[in-house]
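Breakdown of the fold
Take a look at the letters that make up each chain.
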Amino acid sequence: MIKLNLLPKRLRKRVEPGWWRLTAIIFPLVVFAVVAMLHISASNQINQLESDRDNLRAVVQALQPYIQQQRELTRRKAELEKIINVDREIKARYIPWPDNLARFINQIPRRGGRFEVFLRSVNTRLVPQENRASLAEQGLYDRKPVAVEFTLQGEARNEAALARFVKAFEDNPNFGINFQQGSLNENGGYDFSATVAITESGAKPEGGEHSAR
């Protein structure tokens, strides 16, 4: 049987191609599948990250005693370093003044086992490191680099005794002397003032200041 559609074209029923219907059905399914895969992948990554986080927390918890011990050791190390620094500073400022004073006294010349010079006062001082070069440049102590100074006031029996006193410190390479003044007193002796220095090579390790009378 032959069917004829005599209706005008505008009134005729449209027949869509079959592939368009198939595409309309498959596209949402593909989109849903892609979204589902992305969701599953993201969920797996989140689960893995949470698992890693929990593992790290467990490791940190297990290591906590060692971490505390390390902190305690670090704290004690810092305290010990402070103590060591204080000890170094004290040692850097310390000088055995009795030893250097003994060196100075033993250098004073004697006649018949007796001193010919009587010292009324002795003031001792450490020469700061930064001042030693300038003292040598000024020509003091025969340009010897000195570490310790003894400022003296005393009396010599006579002029010869005073000369021997000065010469004893001039001729010794471990000493230097800056003679300041001398005058004859009413007893026939010589009052004098001078500064005697011990060189860097002759002095003991450096330290602070001290005064002895």
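Residues numbered from 1 in each chain as written. Predicted model: local features only at pLDDT ≥ 70, side-chain atom pairs only at ≥ 80, totals over all residues. Heavy atoms only, no water.

Considerations on the overall build of the chain
Helices and strands together make up the secondary structure of the chain, namely four helices and seven strands. If you list the helices and strands of the chain from N to C, you get α-α-β-β-β-α-β-α-β-β-β. A burial count over the chain gives 24% of its 213 residues as buried. Carbon together with sulfur atoms contributes 57% to the accessible area of the chain, which is approximately 16,000 Å² in total. (Helix = DSSP H or I, 4+ residues; strand = E, 2+ residues; numbered from the N terminus. Buried < 20%, exposed > 50% of the residue type's maximum accessible area, 1.4 Å probe, protein only. Areas by Shrake-Rupley, 256 points an atom, 1.4 Å probe, with all protein chains shown as cover.)

Details of the pairing of strand β4 (residues 146–156)
Extensive coverage of β4 is indicated by the burial of eight of its eleven residues. Relative to β4, strand β3 (residues 117–126) runs antiparallel, the two being bridged by nine bridges. Paired with Leu126 across the strands is Val148, a residue of β4. Here β4 pairs with strand β6 (residues 190–199) via ten bridges, running antiparallel. If you follow Phe150 over to β6, its bridge partner there is Val196. (Pairing = 2+ DSSP bridges.)

A few points about helix α2 (residues 97–107)
Within the span of α2, buried status applies to Trp97, Asn100 and Phe104. The buried side chains of α2 occupy one side of the element, clustering within an arc of 70° when seen end-on. Away from its buried face by more than 90 degrees, α2 exposes Pro98 and Asn106. (Arc of directions from axis to C-beta.)

Topic: helix α3 (residues 129–137)
Residues of α3 that are buried include every one of Arg132, Leu135 and Ala136, and no others. One side of α3 holds all its buried residues, which, seen down the axis, span an arc of 95°. Projecting away from the buried face of α3 at angles above 90 degrees are the exposed residues Glu130 and Glu137. Residues of α3 that are buried make contact with β3 and β4. (Contact = heavy atoms within 4.5 Å.)

Quick notes on the confidence of the model for the chain
Confidence in the prediction for the chain averages 80 pLDDT; 81% of positions are at 70 or higher. Below a pLDDT of 50 lies the segment residues 205–213, which in the model reaches 34 contacts outside its immediate sequence neighbourhood of four places, other chains included. (pLDDT = per-residue confidence, 0-100.)

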